[in-house]
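# A look at the structure
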Amino acid sequence: MSFKELFALEGDRQRRSFEIPEYQRGYSWQTRQRKDLLDDLERTANTVLFPKRGDYNCRQSTQHFCGTIICTPLASEDIFNIVDGQQRITSLAILHSVISRVVAPSTFQPVPFNPSDMDRLYFQNVVRYAKRDEPKTASQSQYRAAYNEFEKWLKVSGHPARKLLEVIDNHLFFILFVLKDDHEVSRVFETINNRGKPLSQMDLVKNHLIYLQNEHNWHVFQVNTIWADIIREDEETRYVGSETADTVLNAVVATMFHPGRRRAGVTDFSLISENVTDENTFYLLLRFLQSAFQTFRKLRGAFETTGDKVTEQLTYLNFHASITSVLPLIICREFVREDANKNNEAPILEAIERANFRLYGLLNASKRSDSHKIPLHALAHEYLKSFKKNRTLPDLPSELEKIVRAKHPDGVEQIAYALTLDDNDTTDFYDWSNLRYFLARWEQSNMDKQNFNWRSLRNKLLGTNDELEIEHITPQKPNHDSSDEETPPEYAYNDRQLIRRLGNLMLLPKGVNIVLSNGTLDEKRTKLSEQSKRVSGLQSKRLSIYVEKAIKFQRALENRGNGLQREEFYFDDSVGSQFYTPTTEANRQIALLKTLCDMREMDMIGFALKTWMFLKEKEYVKTRYCGVISFSHSGVAYKANEESNANKLKQNAVLDSQGNFDKRKRMVEQRENIIQKSGIAK
């Protein structure tokens, strides 16, 4: 039947209308699928409107087959639920509205079609009134995009609008397949050749569960009812990157059925088909899926750290660059917690966050994002299994600590080395995927009365630009007036190491970042003071103190012999008490920036050890970690080409496992003493 006949009952006396049930996925066609539809319509219109010479009968006989519409009747005989074909019908309903509005702007009526309740009002505003307000769901975004694309296409198509409407009404054909009930739907659904967007794993799983329910008469929970709730959660979730509903499904299947590596061709759908063989497993899967989607929506919508502890930890996890490997643990723990009605207990989420940051968050922690995935998924599987069988639950914080320490036995060394650059390390901390998160946590730790605005850190997740950006304290590029000038020593030093260090990076509001641009250190400090109302916590207040300390210490180094005694900063006896004046003047920025980065990284590492070490590991922090010092212990602080393994360790973090530990520990202590004597507040 034609598109027009699709919506008409006998003799046009009554109209047939279609609706999308709540348990169906929303409108997900994108530009590519809609372009295919328009290309088909364009070819059909050209054949109908411009027939070849001597072939005028084709004007009436041309038909373009658009596919099969499978539906089930509701209580009223003229209303049908679409179970397959909704993407094409939705697109054509919007296109029909766009063209009809041009043909008869004051009298046109949209075709009788409605999506699910969540999107119905928005859809009606689009097709009836061409209103395209800010969308709240993914489907609404695609409604708006579709209307805009169809409107643009109509203007450039070259065909009269009235003729195009006739082509849609009379030359686009469908097969309407009406099933008796959901039981029949489940039998046919898997064999449908969907010409549009391929079926997702979620679609296949939903259909299989409906089939099992009808086949075995498992009706304590209705699949359609629970799936409608899952669809609502899915539509309200702000997925990040390549995440989809299948991301959550994959975590559920890994937790319930298969935490290990999969053979080629094994999918979430096939694992569910293989393992859901009894009523209890069927109900557990439904409840767990529902809870998992609720948890994932809460996680991706968490932006507060001032309320309950669960929301705080979900906020932290929300800003991790990757949570794929710990997602089974997150959804499993929340499922168990909600079932036990323990609303505010979050130590397990805190341990999950700590483990994820140690295994994946720190720079170069793992070569692949799925490293350690199997033991983490196996732990989630055992946790859910113990809960299901009423056994004692595994101690997740203790088990997570074992997994982390199996990979990183020395936590102090792991964290300290991950946050500093070795002298032969070419890494640039600016490229660290968790840099924003780390700096935000450090910023938050330095606040007293203020609360960190986590929404400002990832406003891209909210559909707008980030309000906070990463700024280099010493600019990425020297502020040359001419390209012929010699590269300044601080940029030439060790392949730009001072520019690439973590201590040279900070979070700043976007406007401040632009104002500062490539200004010098003193210029930036001045601008930050002027912008102090816009810059929170450590950025405006602490940076100024760090810079002042670095300047005082650098001057003290230059004046050894004029007030600074040799014993106040350790150097080998072979080095004189004062640098040559030409060397000092040419290279003092190296000493200044080394000091600045050393002090900031020393505090950053101290914060990280306190935040991401497990309880047993913290016993060794005070005796093992002493600070950061990037100066040679033989005094060649201004000459990179004179530094070597004989007079400087490649690691800048000072740990008790290194050579020359006592000398370097003394240098850190003496630096702090010199700064304290200078009268600068810590």
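Because the structure is a prediction, the values reported are computed rather than measured. (Residues numbered from 1 in each chain as written. Predicted model: local features only at pLDDT ≥ 70, side-chain atom pairs only at ≥ 80, totals over all residues. Heavy atoms only, no water.)

### So, the environment of N645
With respect to the helices and strands, the residue N645 is situated in the loop between β8 (625-628) and β9 (653-655). A relative accessible area of 71% means that N645 is categorised as exposed. (Helix = DSSP H or I, 4+ residues; strand = E, 2+ residues; numbered from the N terminus. Buried < 20%, exposed > 50% of the residue type's maximum accessible area, 1.4 Å probe, protein only.)

### Describing the sheet that holds strand β4 (residues 113-114)
Reading across the sheet, the 5 strands line up as β4-β1-β3-β2-β5 and stay open at both edges, with mixed pairing between neighbours. The open sheet has two edge strands with one neighbour each: β4 and β5 (172-178). Of the pairings in the sheet, the one linking strand β1 (residues 17-19) to strand β3 (residues 79-84) comprises 3 bridges and is parallel in character. When the sheet's bridge partners are listed, F18 is paired in β3 with F80. (Pairing = 2+ DSSP bridges.)

### Observations regarding the nonpolar core
Counting 71 residues, the largest nonpolar core has L209, W227, F282, L285, I352 and L400 as the members making the most contacts within it. Of all the elements, helix α13 (residues 279-300) adds the most residues to this core, at 11 residues. Among all residues touching W227, those that are not within four sequence positions of it are Y23, M202, V205, K206, L209 and L289. If you look at the next biggest cluster of nonpolar residues, it comprises 67 residues, including Y316, Y437, V547 and F661. (Core = buried A, V, L, I, M, F, W, Y, C linked by side-chain atoms within 4.5 Å. Contact = heavy atoms within 4.5 Å.)

### Looking at empty space enclosed by the protein
In total, this model carries 4 cavities of 30 Å³ or more according to the counting rule given. Empty space within the second largest cavity amounts to approximately 90 Å³. If you go around the second largest cavity, you meet 17 residues; those closest to its centre are Q24, G26, S116, D119 and I231. Contributing elements (two or more residues each) for the lining of the second largest cavity: α5 (117-129), α6 (138-156) and α10 (223-236). Examining the composition of the lining of the second largest cavity, we find that 4 residues originate from one element, α10, more than from any other. Tallied by class, the residues present in the lining of the second largest cavity amount to 7 nonpolar, 5 polar and 5 charged. (1 Å grid on protein atoms, 1.4 Å probe; cavity = no way out; pocket = protein on both sides within 12 Å on 5 of 7 lines; lining within 4 Å. Points joined across faces, edges and corners; volume = space filled by probe spheres on them. Nonpolar A, V, L, I, M, F, W, Y, C, P; charged D, E, K, R; others polar.)

### Points about the pairing of strand β6 (residues 468-472)
Counting buried residues in β6 gives 4 out of 5 residues, a clear majority hidden from the surface. One ladder, built from 5 bridges, connects β6 with strand β7 (residues 505-509); its direction is antiparallel. Note that in β7 the partner of H472 across the bridge is L505.

### Topic: the pattern of salt bridges
For the coordinates displayed, the defined rule picks out 26 salt bridges. The partner of R232 in a salt bridge is D229, with the nearest N and O atoms 3.8 Å apart. Residue R232 and its partner D229 are located together in helix α10, separated by 3 residues, close to a single helical turn. Given the relative accessible area of 14%, D229 is considered buried. When the shortest N-O distance is used, the salt bridge between D598 and R501 registers 2.7 Å. In this pair, D598 is assigned in helix α26 (residues 581-612) and R501 in the loop between α22 (497-500) and β7, connecting sequence segments 97 residues apart. Across the pair, exposure class does not vary: D598 and R501 are buried alike. Residues joined by salt bridges that share partners form a network here, namely R501, D598, E601, R671 and E672. (Salt bridge = Lys/Arg side-chain N within 4 Å of Asp/Glu carboxyl O.)

### Things to note about the packing of helix α9 (residues 201-216) against α13
Here α9 crosses α13 at 145°, and the two axes come no closer than 11 Å. α9 and α13 meet at a crossing whose hand is left-handed. Taking contact as the criterion, the partners of M202, L209, L212 and Q213 in α9 are, on α13, F282, L285, L286 and F293. Across the contact of α9 with α13, the residue classes tally to 7 nonpolar, 1 polar and no charged. (Axes fitted to C-alpha atoms, helices over the stretch in contact; angles between N-to-C directions. Left-handed = near helix turned anticlockwise from the far one by under 90°.)

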